[in-house]
Every structure is written in C-alpha cells, then in structure tokens.
Amino acid sequence: MRHLLSKPTIVLLSMASTSASAVDLNYESLSFLEEPLATEIGDVTLELQGIVDTPYTYNTDLDDGEWSLKSLVQLKAETQLDNSVTLGAVYFGEYDTAEESNYEDKFAVFAQSYWGAISVGDVTGMVREETRRLRGVGNSVLAFDDFIGQLDEHGITYTGRFGPSRFAATVDELGQYSIGWSFQRPLGNKDYRFSLRYQDAEYLSSVDAVYASQALTGMAELTYGSSTFDLAISAENLESDRHSLDRWFVSVGARRKLEAFTFSAEAHVGEFEGASENALALGLRYDIARGLSLNLGVNLRDSELSLVGFEDLALDDKEYIGSIRYTF
C-alpha cells in the first residue's frame, strides 16, 4: 500500500521503497500498514508482518450478525549473493473463523536483481496487485471489482522497473496468463499513476461449463496532498462452446487522510449480458496507536444477473462491519 503524503518527492521515495519487495502474497482486503519486524541470522534477513482483526459483521440478506477472528501473517527470508542477486522465500498464512476452511496458506520463492524479480509459487495474483486501484480503508470491500475469469494460484511471475514504468507478467500452471504495465510520476504538486492489465483465463460455472475469459482494464490515479482519486474501466468476454457473453464495468474511488482519520468511498457500475451490477463501499479507519486502529465499513451490492451457471454472482445485500485491528 502506498502512503498518502503531501510532498510529491516523498511520495516517490515511499513508492520506491514499497516496490523494492520482490514478492508480497497478501492479496486480501487487509493491508500490512506497518514496516515489517526484521532480524538477521548470519547472511539471512528475516522479516515478519502480521494482522489480527476482530470484525463484527451484520448482513441484511441473512438478517444476522456475528463476531469472527481473522489473522494474517507473512514471513520472508532472503539473502544476497556475491553477484548482487537476492534469493528469498515467502510464506503467507491466513486464519479466519468465518470461513469454512479456517486456514489457508501460500508459498513462493524468488530471485531479484537489477533486471527485476522472478518468483515461483502462489504468485499469480501479483499482476493485479501491481495494476489495480487502491483498496478502500477500514472494512470497505467493493463488490464485482475484478474479472470473472481467474488464473490458477500456482505459476511463475516476472516484475521489473524501467524508469517510471513497471512491467509484470504471470503464467499459471495451465498456461493461462496476465500481463500488466503501470506508469507513475509526480508532476508539480501532484502524483499521477496509470496502468493497463490484460488477462487470458477461464471461469468454471456452477453447471460445470468452462468459459474462456479475455479481459482488459485500464486505470488512472491522481494523488494530491492527502487525497487520492482513481478510475478504472474494464471489459471482459466469456466464451464457451455454446455461448459468448460480454461484461463491462467502471469503478471509481476517493480516499482522504485527515490527522488520525482515513476515509474512503468507492462505487461500481456495470452490465453483464444486459443485467446491471452496482456496488458501493464506504470505509473509515481511526489510528488509535502504532499498529492499533478502529475500522468501519459499509458494503452494498446489487446484481440483477439471472444466467444459468452464474448464480453465485447474483448478489443483493448490505453489509456493515466494525472491528479493532492490530498490525505489526
């Protein structure tokens, strides 16, 4: 996550330090806000990051609320060889009492140098992370804000920086791929970021029909002082032996930091084969102390989709979430 600072030169330094990490396996809505805990054992540097969250969620569709416990941890080990190549490994674990499968994990190994970074493992989400809009703060999660077709988790990814541009490409174990480009540079007292992402993947419907997905998204972002505004326009085509389906959507967002408060608002409008899809997400984070924060979120989603095999995408509910969160 990039910090929202008032001076463009400082923004650029923050971005550079963030991008120095070759692999980040955290693709969840919870972000590691604090710098990692680090120590050295011989020639190996160990870094540890974690989150503990205690959300209370009320869903209008279920007319019920519940407490849950969610925690994330990421451990990274890396060492530098004599030829300036950095070798490393990353382990990411997620525990969530609200999910049927309470614990999930990811693992990757990587090599990084002046030519970029190559990573192997559960890394196919990295291209999206390189090119996506900023997530909302607090407990806000914008629904429908991604392609329906998805890559397999396991694959190989390349990321590299060339001046103000970053390139990323990933191929999963099924031969599906995603490529992305982003450009970021301050101009005057503002900071601009642009990105493109193309993805060739697939979607397995609930009736076991396989749809080939080709999708493209473009994003523009403006940071001015402590405020950030962004816009993404996306299109996707899904094809099977019998059907060709088209989808488009637009997502916009705004974020503002004011002393200990950070606010965000996001909206999504789209259409999938004539059926509208709309979503709204509002978030608030109040920083109580270093690593400790109060987080609130209101998430609304409404889809009129009635296609056979896509029932899990037809959502219509409102979700209210509050939590105390600790990051380290």
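Residues take numbers from 1 onward in each chain, read along the sequence in its written order. In view of the model being predicted, local features appear only for residues whose pLDDT reaches at least 70, and side-chain atom pairs are presented and counted only at 80 or more, with totals across whole chains, interfaces and linings using the full set of residues. Just so you know, side-chain values use all the structure's heavy atoms and leave hydrogens and water out.

**A few points about the overall build of the protein chain**
Within the protein chain, the secondary structure is distributed over two helices and 19 strands. For 328 residues, the compact-globule formula gives about 20 Å, and the C-alpha radius of gyration of the protein chain, at 20 Å, lands near that figure. Summarising its shape, the C-alpha atoms of the protein chain cover approximately 60 × 45 × 45 Å along the three principal directions. Classification of the 328 residues of the protein chain by burial places 43% in the buried group. Of the roughly 16,500 Å² of accessible surface on the protein chain, a fraction of 58% belongs to carbon and sulfur atoms. Charged-residue counts in this description rest on Lys and Arg as positive and Asp and Glu as negative, His and the chain ends being excluded. Every charge is mapped onto a representative atom, which is NZ of Lys, CZ of Arg, CG of Asp or CD of Glu. In the protein chain, 25 positive and 52 negative side-chain charges are present, and the distance between their average locations comes to 11 Å. In DSSP terms, a helix is any run of H or I states spanning at least four residues, a strand is any run of E spanning at least two, and both are numbered starting from the N terminus. We take the radius of gyration over the C-alpha atoms and set the globule estimate at 2.2 Å times the residue count to the 0.38 power. The buried label goes to any residue with under 20% of its type's maximum accessible area, the exposed label to any with over 50%, and the partly exposed label to all in between, with areas taken from a 1.4 Å probe on protein chains only. Shrake-Rupley sampling with a 1.4 Å probe provides the accessible areas, and residues are treated as covered by the protein chains on show and by no other component.

**Topic: the pairing of strand β12 (residues 190-204)**
DSSP bridges decide pairing: two strands pair if at least two such bridges lie between them. Where strand β11 (residues 177-187) lies against β12, eleven bridges are found, and the strand directions are antiparallel. Counted as the bridge partner of Y177 is D200 from β12. With 14 bridges connecting them, β12 and strand β13 (residues 210-224) associate as antiparallel partners. By the bridge assignment for β13, L204 is matched with V210. Linkage of β12 to β13, two consecutive antiparallel strands, is achieved through a turn of five residues, within which D208 is found at a positive phi near 65 degrees.

**As for the pattern of salt bridges**
By convention in these notes, a salt bridge is any Lys or Arg side-chain nitrogen within 4 Å of a carboxyl oxygen on Asp or Glu. If you walk through the whole model with that rule in mind, you get 17 salt bridges. Residue E236 is joined to R247 by a salt bridge in which the shortest nitrogen-to-oxygen separation is 3.4 Å. Taken together, the positions of E236 in strand β14 (residues 227-239) and R247 in strand β15 (residues 244-258) put the pair eleven residues apart, joining distant regions of the chain. The partner of R285 in a salt bridge is D287, with the nearest N and O atoms 3.1 Å apart. Look at R285 and you get buried, because its relative accessible area is 11%. Residue class for D287 comes out partly exposed when judged on its relative accessible area of 26%. Counted as one network, the salt bridges with shared partners bring together R133, D145, D230 and E266.

**So, the environment of R128**
Here R128 shows up in helix α2 (residues 126-131). Sequence-wise, R128 and F249 are 121 residues apart; in three dimensions their C-alpha atoms are separated by 16 Å. For this analysis, residues touch if any pair of their heavy atoms sits within 4.5 Å. Ignoring anything within four residues of it in the chain, the contact list for R128 reads D145, D146 and R197.

**Digging into the nonpolar core**
Only buried residues count toward a nonpolar core. Its members are Ala, Val, Leu, Ile, Met, Phe, Trp, Tyr and Cys residues joined through side-chain atoms within 4.5 Å. Formed by 13 residues in total, the largest nonpolar core has its most connected members in V23, L25, L72 and V123. Within the second largest apolar cluster, nine residues are counted, among which are I148, L238, L245 and A275.

**Some remarks on a negative patch on the surface**
On the surface, a cluster of negative charge is contributed by E99, E100, E104, D105 and E153. Following the sequence through the fold, D105 ends up in strand β7 (residues 103-113). The partly exposed category is assigned to D105, whose relative accessible area is 40%. Patches were defined on residues exceeding 30% relative accessible area and lacking a salt bridge, with like-charge contacts within 9 Å and nonpolar side-chain contacts (Val, Leu, Ile, Met, Phe, Trp, Tyr) within 5 Å.

**So, the packing of aromatic side chains**
Ring geometry is summarised as follows: Phe, Tyr and Trp rings, the Trp one being its six-membered ring, pair when their centres sit within 6.5 Å, and such pairs are stacked at plane angles under 30 degrees, edge-to-face over 60 and tilted between the two. By the definition in use, this model includes ten aromatic pairs. Plain terms: the ring middles of F261 and F263 are 6.1 Å apart, the flat faces sit at 10 degrees to each other, and that makes the pair stacked. For F261, a relative accessible area of 34% gives the class partly exposed. For F263, a relative accessible area of 36% translates into the label partly exposed.

**Points about the side chain of N299**
Checked against the element boundaries, N299 lands in strand β18 (residues 292-303). Under this definition, polar contacts are N or O atom pairs within 3.5 Å; protein pairs additionally need one hydrogen-donor-capable and one acceptor-capable atom, and for neighbouring residues in sequence, both atoms have to be side-chain atoms. A polar side-chain atom of N299 sits 3.1 Å from the main-chain carbonyl oxygen of N139. In this structure, N299 is in contact with N139, S140, V141, L280, A281, D317, K318, E319 and I321, ignoring residues within four places of it in sequence.

**Notes on empty space enclosed by the protein**
Note on definitions: the grid is 1 Å and covers protein atoms alone; a cavity is a set of points where a 1.4 Å probe fits but cannot get out; a pocket is an open set with protein on both sides within 12 Å along at least five of seven lines; lining residues have an atom within 4 Å of a point. Grid points are joined across faces, edges and corners, and a volume is the space filled by probe spheres set on the points. The final tally for this structure, using the stated rule, is four cavities of 30 Å³ or more. Volume-wise, the largest cavity comes out at about 140 Å³. Looking at the largest cavity, it is lined by 13 residues, and the ones nearest its centre are R132, R133, D145, R197 and T217. Residue polarity is assigned by list, with Asp, Glu, Lys and Arg as charged and Ala, Val, Leu, Ile, Met, Phe, Trp, Tyr, Cys and Pro as nonpolar; anything else, Gly included, falls into the polar class. For the lining of the largest cavity, the residue count by class is four nonpolar, three polar and six charged. Of the volumes computed, that of the second largest cavity is approximately 100 Å³. Along the wall of the second largest cavity there are twelve residues; nearest its centre are S31, L33, G138, R285 and R325. In terms of residue class, the lining of the second largest cavity is built from three nonpolar, seven polar and two charged.

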